[in-house]
Amino acid sequence: LAFSHHGWIADTSLEGVVYTVRFDDLGFGFGGRFLYVPFTAYDEWGERMSRGTISETVATANVAYNFLRSYSFPGLAAGASVKAVYRHVPADIAYGQSILGLMADVGMQTSFSLAKFQHWSLPNVSVGLVLKNLGLTTMTDGSLPMTASAGVAYSPRRAVTLAADFNVP
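This one's a predicted model, so the numbers in the text were calculated from it and none came from an experiment.

Draft legend 1. Quick peek at the overall build of the protein. When you go through the protein residue by residue, the secondary structure sums to zero helices and nine strands. Walking the protein from its N terminus toward its C terminus, one meets helices and strands in the order β-β-β-β-β-β-β-β-β. Its C-alpha atoms give the protein a radius of gyration of 21 Å, more than 25% over the compact-globule value 15 Å for 169 residues. Considering only C-alpha atoms, the protein reaches an extent of 70 × 35 × 30 Å along its principal axes. The proportion of buried residues among the 169 residues of the protein is 22%. Across the protein, every contact between residues at least 6 apart in sequence was considered, and the portion connecting residues at least 24 apart equals 39%. Within the structure as shown, the protein displays about 11600 Å² of accessible surface, and the carbon and sulfur contribution to it stands at 64%.

Draft legend 2. Broad picture of the environment of N133. Secondary-structure assignment places N133 in strand β7 (residues 125-137). Given the relative accessible area of 16%, N133 is considered buried. Residues N133 and Q118 lie 15 residues apart in sequence; the distance between their C-alpha atoms is 40 Å. When residues no more than four places from it in sequence are discounted, the contact partners of N133 are K83, M103, A104, D105, L144, P145 and M146. A polar contact is formed between the side chain of N133 and the side chain of K83, at a distance of 3.4 Å.

Draft legend 3. Quick look at the side chain of E56. Looking at the secondary structure, you find E56 in strand β4 (residues 48-67). For E56, a relative accessible area of 17% corresponds to the buried category. Of note is the side chain of E56, whose polar atom sits 2.5 Å from the side chain of R87. Other than its neighbours up to four places away in sequence, E56 contacts R33, F34, L35, V85, Y86 and R87.

The rules behind each value
- Residues numbered from 1 in each chain as written.
- Predicted model: local features only at pLDDT ≥ 70, side-chain atom pairs only at ≥ 80, totals over all residues.
- Heavy atoms only, no water.
- Helix = DSSP H or I, 4+ residues; strand = E, 2+ residues; numbered from the N terminus.
- Rg over C-alpha atoms; globule rule 2.2 N^0.38 Å.
- Buried < 20%, exposed > 50% of the residue type's maximum accessible area, 1.4 Å probe, protein only.
- Contact = heavy atoms within 4.5 Å.
- Areas by Shrake-Rupley, 256 points an atom, 1.4 Å probe, with all protein chains shown as cover.
- Polar contact = N/O pair within 3.5 Å; in protein donor to acceptor, adjacent residues only side chain to side chain.

That's the geometry; what it means functionally is another story.
Shown next, in the form of structure tokens:
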């Protein structure tokens, strides 16, 4: 269980809470994040036109399972997160800009040992694939920024890790 508070410039804040639990190879996670930004709009003469708070709330539920785990192989982990997002922009600041989104992220990752130059018990290669932001939104003129990512990490020695990832778009 984790709580967080991050105060940024001009009274902008990010609050969060996350809880995760694991039962052998099955894991669950739940989280929430709340960002709020006080905002004042002025016209070209410097007169205040409107004032309010722009906010974004994200609620996430996650499940993951580790398949094929054995003594010599850490397994193939697969997981999914479902997210509900609401961005609120007061109508007097910008009418019609509040949106609701429902999306999911799915991915898998595995680790194994390959070409180690020193002995240690942990795997030294990891490979992962993920699709992010699959879902629906109430935006009338756009879609969610879906991304496909692939990554690989290799540690030839214990204190050295080489990593690369590829993202589309």
